[in-house]
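Spelled out, the chains give:
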Amino acid sequence: MNYQIQRLRSEMRRRGLDVFVAFQDTRYFTGTTAGKALIVPLSGEPVLLCSRLEQDQAKKGRVKDVRAYSGWKAPLRPGERVHFRDAWMIIADCVRDFGAHSVGYDRASKSLIRKIRNVRHASYSEMPELVPEARSVKSPEELKLARRSAEIVSKGMKRASELIEAGRTEIEIAAEAEYVMRKAGSEGVSFPSIVASGANSALPHAFATFKKLRSHELVVVDIGAVYEGYSSDMTRTFAIEPTKAQSRLLEAVKKAQAAGIARVKDGVPAREVDFAARNFVSRAGYSKFFSHGTGHGVGIEIHEPPSLWPESKDVLKANMVITVEPGAYVPKVGGARWEDMVLVKRGGREMLTYL
Ligand SMILES: [Mn+2]
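Nothing here was measured: the structure is a model prediction, and the numbers come from that model.

## Remarks on the overall build of the protein chain
Along its length, the protein chain carries 10 helices and 18 strands. Counting the 355 residues in the protein chain, one finds 53% classified as buried. A separation of at least 24 residues holds for 62% of the contacts in the protein chain among residues at least 6 apart in sequence. As displayed, the protein chain has an accessible area near 16300 Å², and 53% of this comes from carbon and sulfur atoms. In the protein chain, 56 positive and 42 negative side-chain charges are present, and the distance between their average locations comes to 1 Å.

See below:
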C-alpha cells in the first residue's frame, strides 16, 4: 500500500475513524488529477470514484479499484463498466460495505453529507486539517518532485534576475520567468507571480503590473512552479541603484533569513525559526514592518502545515519541506523579502532553491 495511504491510516487510527473520504485532495493519494472522491477504509482496497469521462486517466493512478459513474444511461464502449447512479449513492454503498461507524472527510457540502447519511447511518465528521497534516512529512518519491519543482523555480528566478533593469515592466519580467518555468516542465504557476517594484514592493501581496522599473527602487520577485502537483515558492529582492536606506533594509532581511535557516532541523519548534528571523529584523529596527509569518510548508498546496509564525505549535520533522521568508515593508523606502525552500533533515537542513 502506498506511503500516502499509510500516513492517512495512522491518522485515522489516532482519531478512531473506520473510513475517510477525501473529496478535495484525491491527487495526493492517487497520483492522478482524475477523481471525484477517494474512499479509504482502515484495511482493504481504497475506492476511487470518478466521472465516466475521467476513468481512463484515473486507472493510470495508484488506486486499483476505480469506479466510474454517470448520471444518465449513455451507450458504453465494449468492456466498459459504469455505475449509472449518483456519486453520493456509491459513497454510501462503500460506507456500508466497509461496515463503517465513524467516517471522516476533508470538506464537502452539508447537503451532500446529508444525502449519504440518510441512506447510511454513521457519524460523519468534517476534518479539513487531517490530510494537510498527514502530508507535511514527505516520502522519498514526493521529495524528488519537490526538488524538481524547486529547481524549476530557481531557473525562473535566474531569468528574472537577468532582466532587472530600469525601463522594463513588471509584467515583462513575470512573463519571462513564467515562460522559462513552463519550458522546464512546470504545469503552471503555483500562485500569480509577483513582480513588485518601487511603491508596489511595499505591498506583500502585490501582482505584476505595467509599471516600469526605475532607479532607486527595490523589486520583489516572488514566483512558484508546479511539478507533477508539487508547488515551489521562491522570492528575491533586487535593487536598482539602491539608496542607503534600501540597501540597509535588504541586508537586514537577507541576514534575518540566514538566521532563520540556521535554526532549521528536525525536532525544532517552528516558532523558533520565526523567532530567530524576526529577532534579527527587529534588532535592525524594522519590527513594525514585518507583517507576516516567517514561512510555511509547501507541497501539493502552496501553503500547508507546518506554519512558521510566533504562535505556531508545529514542530519541524525530518522530510518536511518549508519556506523561510522574512520580509519588511517600509513606506517610502520599499519592501524586501527573501525566500527559499528548505528541506528539514535530522540534525540540519538542505536548501532546495538557489540563485
Ligand atoms: Mn511563500
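What follows picks up the thread again.
## What to know about the coordination of the manganese ion
In the first shell of the manganese ion, the protein supplies Asp-233 (OD), His-296 (NE2), Glu-325 (OE) and Glu-339 (OE), at 2.0 to 2.4 Å from the metal. In terms of primary sequence, the donors binding the manganese ion are separated according to D-x62-H-x28-E-x13-E. Taken as a pair, Asp-233 in the loop between β10 (230–231) and β11 (234–240) and Glu-325 in the loop between β14 (321–324) and β15 (327–330) lie far apart in primary sequence, 92 residues in all. Residue class for Asp-233 comes out buried when judged on its relative accessible area of 3%.

## Let's talk about the side chain of Glu-80
For Glu-80, the position within the fold is in the loop between β4 (65–69) and α4 (87–97). Separated by 2.7 Å, the side chains of Glu-80 and Arg-52 make a polar contact. One polar contact links the side chain of Glu-80 to the main-chain amide nitrogen of Arg-77, over a distance of 2.8 Å. In this view, Glu-80 contacts Arg-52 and Gln-55; residues no more than four positions away in its chain are not counted.

## Here's the deal with the nonpolar core
Core analysis: the largest hydrophobic core is formed by 24 residues, its most contacted members being Leu-8, Phe-20, Phe-29, Leu-38 and Leu-130. At the level of elements, α1 (3–14), β1 (19–22), α2 (27–30), β2 (37–41), β3 (47–51), β4 and α6 (130–135) are the ones that each hand at least two residues to this core. In terms of residues, this core owes the most to one element, α1, which gives 3 residues. In this structure, this core is formed jointly by two domains, domain 1 (3–135) and domain 2 (140–351), each of which donates at least three residues. Membership of the second largest hydrophobic core comes to 23 residues, among which are Val-19, Tyr-69, Ala-100 and Ile-116.

## Observations regarding α1
Taking 1.5 Å per residue as the helical rise, α1 with its 12 residues ought to reach 16 Å, and the 17 Å between its terminal C-alpha atoms agrees with that figure. Considered for burial, the residues of α1 that qualify are Gln-4, Ile-5, Leu-8, Arg-9, Glu-11 and Met-12. Looking down the long axis of α1, one finds its buried residues gathered within 160° of arc, a one-sided arrangement. In this structure, α1 carries Arg-13 and Arg-14 as exposed residues pointing more than 90 degrees from its buried face. Packed against the buried residues of α1 are β1, α2, β2, α6 and α7 (140–163). The backbone nitrogen of Gln-4 lies 3.0 Å from a side-chain oxygen of the residue at the head of α1, namely Asn-2. Among the residues trailing α1, Gly-16 stands out with phi positive, at a value near 70°.

## Some details on the pairing of β11
Among the 7 residues that make up β11, 6 are buried, leaving the element largely enclosed by the rest of the structure. Two elements, strand β8 (residues 217–223) and β11, share 7 bridges in a ladder whose sense is antiparallel. Within β11, the residue paired with Ile-223 across the bridge is Met-234.

## Some words on the packing of α7 against helix α8 (residues 170–183)
Axis separation between α7 and α8 bottoms out at 8 Å; the angle between their running directions is 145°. α7 and α8 meet at a crossing whose hand is right-handed. Between α7 and α8, the contacting residues are Ile-152, Val-153, Lys-155, Gly-156, Arg-159, Ala-160 and Leu-163 on the first element and Ile-173, Glu-176, Ala-177, Val-180 and Met-181 on the second. Here the contact of α7 with α8 is composed, by residue class, of 8 nonpolar, 1 polar and 3 charged.

## What about α4?
α4 sits mainly inside the fold: 8 of its 11 residues count as buried. All of the buried residues in α4 are Ala-87, Trp-88, Ile-90, Ile-91, Ala-92, Asp-93, Cys-94 and Val-95. Gly-99 sits one or two positions beyond α4 and adopts a positive phi of about 60°.

## What to know about the domain arrangement of the protein chain
One can read the domain layout of the protein chain as domain 1 (3–135) and domain 2 (140–351). Once you take the C-alpha centre of each, domain 1 and domain 2 turn out to be 36 Å apart. On the side of domain 2, 9 residues touch domain 1, which itself brings 8 residues to the contact. Interface area for domain 1 against domain 2, summed over the two sides, is near 680 Å², with a carbon-plus-sulfur share of 49%. The interface formed by domain 1 and domain 2 contains 3 salt bridges. The partner of Arg-135 in a salt bridge is Glu-304, with the nearest N and O atoms 2.9 Å apart. For the pair domain 1 and domain 2, the interface holds 3 residue pairs in polar contact (both at pLDDT 80 or more). Elements with a contribution of two residues or more to the side of domain 1 that touches domain 2: α1, α2 and α6. Broken down by element, the residue count for the side of domain 1 that touches domain 2 peaks at 3 residues, all from α6. Grouping the constituent residues of the side of domain 1 that touches domain 2 by class yields 3 nonpolar, 1 polar and 4 charged.

Thresholds applied
- Residues numbered from 1 in each chain as written.
- Predicted model: local features only at pLDDT ≥ 70, side-chain atom pairs only at ≥ 80, totals over all residues.
- Heavy atoms only, no water.
- Helix = DSSP H or I, 4+ residues; strand = E, 2+ residues; numbered from the N terminus.
- Buried < 20%, exposed > 50% of the residue type's maximum accessible area, 1.4 Å probe, protein only.
- Contact = heavy atoms within 4.5 Å.
- Areas by Shrake-Rupley, 256 points an atom, 1.4 Å probe, with all protein chains shown as cover.
- Lys, Arg positive; Asp, Glu negative; His and termini not counted.
- Charge placed at Lys NZ, Arg CZ, Asp CG, Glu CD.
- Donors = N, O, S within 2.8 Å, 3.2 Å for Na, K, Ca; no water.
- Polar contact = N/O pair within 3.5 Å; in protein donor to acceptor, adjacent residues only side chain to side chain.
- Core = buried A, V, L, I, M, F, W, Y, C linked by side-chain atoms within 4.5 Å.
- Domains from an automatic or database assignment.
- Expected span 1.5 Å × (residues − 1).
- Arc of directions from axis to C-beta.
- Pairing = 2+ DSSP bridges.
- Axes fitted to C-alpha atoms, helices over the stretch in contact; angles between N-to-C directions.
- Left-handed = near helix turned anticlockwise from the far one by under 90°.
- Nonpolar A, V, L, I, M, F, W, Y, C, P; charged D, E, K, R; others polar.
- Buried area = accessible area lost by both parts, 1.4 Å probe.
- Salt bridge = Lys/Arg side-chain N within 4 Å of Asp/Glu carboxyl O.

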